[in-house]
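Per-entry structural report
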Amino acid sequence: MANVVVVGAQWGDEGKGKIVDWLSERADVIARFQGGHNAGHTLVIGETVYKLHALPSGVVRGGKLSVIGNGVVLDPWHLVKEIEGIRGQGVEITPETLMIAENTPLILPLHGELDRAREEAANPGAKIGTTGRGIGPAYEDKVGRRSVRVADLGDRATLEARVDRALTHHNALRRGLGIDPIDREALIADLEAISEKILPFAAPVWKVLNEKRKAGKRILFEGAQGALLDIDFGTYPFVTSSNVIAGQAATGVGLGPSAIDYTLGIVKAYTTRVGEGPFPTELTDEDGKRLGERGHEFGTTTGRQRRCGWFDACLVKQTCATSGVNGIALTKLDVLDGFETLKICTGYDLDGTRLDYLPTAADQQARCTPVYEELPGWSQSTEGARSWADLPAEAIKYVRRVEELIECPVALLSTSPERDDTILVTDPFAD
Ligand code: IMP
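In the nomenclature of an unreviewed UniProt entry, the protein is known as Adenylosuccinate synthetase of Roseivivax halotolerans. UniProt annotates the protein under Catalytic activity (unreviewed entry) with the comment "IMP + L-aspartate + GTP = N(6)-(1,2-dicarboxyethyl)-AMP + GDP + phosphate + 2 H(+)". Listed in UniProt under the heading Subcellular location (unreviewed entry), the comment for the protein reads: "Cytoplasm".

Structure below.
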C-alpha cells in the first residue's frame, strides 16, 4: 500500500508516537492533518527520548519530508521553540525537511487565554478538561472565517486586516469575560517577528503532496488524539475541536480520499482518558491504580494523571468503523502482565436492553453499564516480546479475543516503548 493513515482508536495516548516512528522509516513523507500542540508524542530512539507536540514524528528521521497540513492549528511561537529544542538534540530541520501548509490557521496567545478562562469559569460538570493550549478557540476562528493563517504573515496590510477582524470578535468576548482587550500593536509586532522564522517553511502543501503521490512516494498521515475525541463522533462535548477520524487525513492536507490506501488504528490493550467526560469502563479501584502505575499513565503535554479502565471492545469496534480501520497496532500489552483475571467490555446494558454501541444522547450514555467478559490473565512478562512464540498462551488468547470482538485484525503488536520490541503481522505499507 502506498499511503497509510495512523489514527488513535480510543481517547488518545494509545502509543501512536512509537508506531508512527516505526512506520516512518518506510515512508517518504510524514504529514500531520489535524490537532495542534495539544498532542504529545514520545519517541524513544536508542538512548534518546524525543518529545514532540506540533512537529510530525518524521522530523527525527533523516531524509524524510515532514508536513504540517492545513487541518492543523499552529502556534508559531510554540513551533519555533519546539524546532529549537529538537535541533538542540542534534536533529536537522530545514525547509527541505519540514513544510507548513500556507492555509494553516494560527493559534494566537488570545486563544490560549480564552481556552483557560472558559475552563476556569465553567462549573465542575461543564469543564472539558482541555489542554489549555487554545485549540478549541483557534478552530472556532477557522470556521468563523476570522483566522490569521500562515500565508497572511507575508504581507503587513493583510496581516493587519486579519488581526482586526479577529480582534473585533475577541475583544467583545473578552469584555464579557472581564479580560483586558488585546494590545493590537503588540500582537502585530509579535506576529511580524515570528513570521521570519515560520515563512521559510511555508509551502503549497496540497500541491507538493499531490506531486509526491504521482511520483509514487509513500505518505504516512500521522493522527493526533483519538477517535473518541473526534468533534463529530467522540463523546461530545468532551472532545477536541477537530475531526480526528481517518477521513480527515485527506482534507487536512489537500489530497482526495482515494489517496488513503490503508488505515491503521492504534489501540491500547486497556483504556485511558485524560480530561473530563464519559468513560464506561473506568476503574477507580486498585486495578485502575495498578494500570496507571504500570502503564506510566501521565499526559505528555499536561503531566495530568490519566484515568484508567478495562479494554472496551464495544467502543473500539465503533471507532474502527468510523475510521475504516484495516488493521490495528495493539500497544502496551505488557501492562496487563500479572493480572489474575482480565475483563473486556463487549457491550452496554441500557435500562435492561443490550447495546452493541455507545448511544449518542448524554443521558443514555450516563445510564449505560458495561457488560464484561472475563479472561484469564498471565503471570509471565510479555515486555519486549518480538515474536508470538515469546508470548504466553493466555496473552495470545487475549489478543485473539480482542480481534474477534472489534472485528479487525492485529497488524502490529507493540510490547515496550523500544521501536524494535514489535511483532509484525501485516506491513501496512506492503503492496
Ligand atoms: P483540547 O484538545 O485541548 O481542546 O482538549 C479537549 C479534550 O481532548 C480534553 O479532554 C483533553 O484532555 C483531550 N486531549 C487533547 N489532546 C489530547 C492528546 O493528545 N491525548 C489525549 N487527550 C487529549
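Tracing the backbone shows glycine 15 in the loop between strand E1 (4–8) and helix H1 (16–24). Expressed as a C-alpha distance, the spacing of glycine 15 and proline 417, which sit 402 residues apart in the sequence, is 8.3 Å. What glycine 15 contacts, discounting residues up to four positions off in sequence, is Ile266 and Thr331.

The next point concerns the packing of aromatic side chains. Evaluation of the coordinates by the stated rule reveals 3 aromatic pairs. Pairing tryptophan 11 with phenylalanine 279 gives two aromatic rings, centres 5.3 Å apart and planes at 50°, and the pair type is tilted. Highlighted residues: tryptophan 11 in the loop between E1 and H1 and phenylalanine 279 in the loop between strand E10 (271–273) and helix H9 (286–294), separated in sequence by 268 residues. Taking the relative accessible area as the measure of exposure, tryptophan 11 reaches 2% and is therefore buried. According to the relative accessible area criterion, phenylalanine 279 is buried, its value standing at 7%. Where tryptophan 378 meets tyrosine 398, the ring centres are 5.9 Å apart and the plane angle is 65°; that geometry is what we call edge-to-face. A residue pair is termed long-range when its members are at least 10 positions apart, and tryptophan 378 in the loop between strand E16 (369–376) and helix H12 (393–406) and tyrosine 398 in helix H12 qualify at 20 residues. Judged by its relative accessible area of 2%, tryptophan 378 is buried. Residue placement shows lysine 343 over the ring face of tyrosine 372; its charged tip is 5.3 Å from the ring centre. The aromatic ring of tryptophan 388 is capped on one face by arginine 400, whose charged end is 4.6 Å from the ring centroid.

Reading guide: rules and limits
Each chain carries its own residue numbering, running from 1 in the written order of its sequence. With pLDDT at 70 or above as the cut-off, local features in this predicted model cover only qualifying residues; side-chain atom pairs require 80 or more to be listed or tallied, and sums for whole chains, interfaces and linings still use all residues. Calculated side-chain values reflect all of the structure's heavy atoms, with hydrogen atoms and water omitted. UniProt positions are given in the numbering used here, feature names are shortened, and annotations may be inferred rather than shown by experiment. To qualify as a helix, a DSSP run of H or I must reach at least 4 residues; to qualify as a strand, a run of E must reach at least 2; elements of each kind are numbered from the N terminus. Here, two residues are considered to be in contact whenever any of their heavy atoms come within 4.5 Å of each other. Pairing of aromatic rings covers Phe, Tyr and Trp, the last counted by its six-membered ring, and requires centre-to-centre distances within 6.5 Å; plane angles under 30 degrees mean stacked, over 60 mean edge-to-face, and any other angle means tilted. Only protein chains enter the calculation, and the probe is 1.4 Å; a residue is then buried if its accessible area is under 20% of its type maximum, exposed if over 50%, and partly exposed in between. Counted as over-ring charges are cases with an Arg CZ or a Lys NZ within 6 Å of the ring centre that also lie within 35 degrees of the ring normal.

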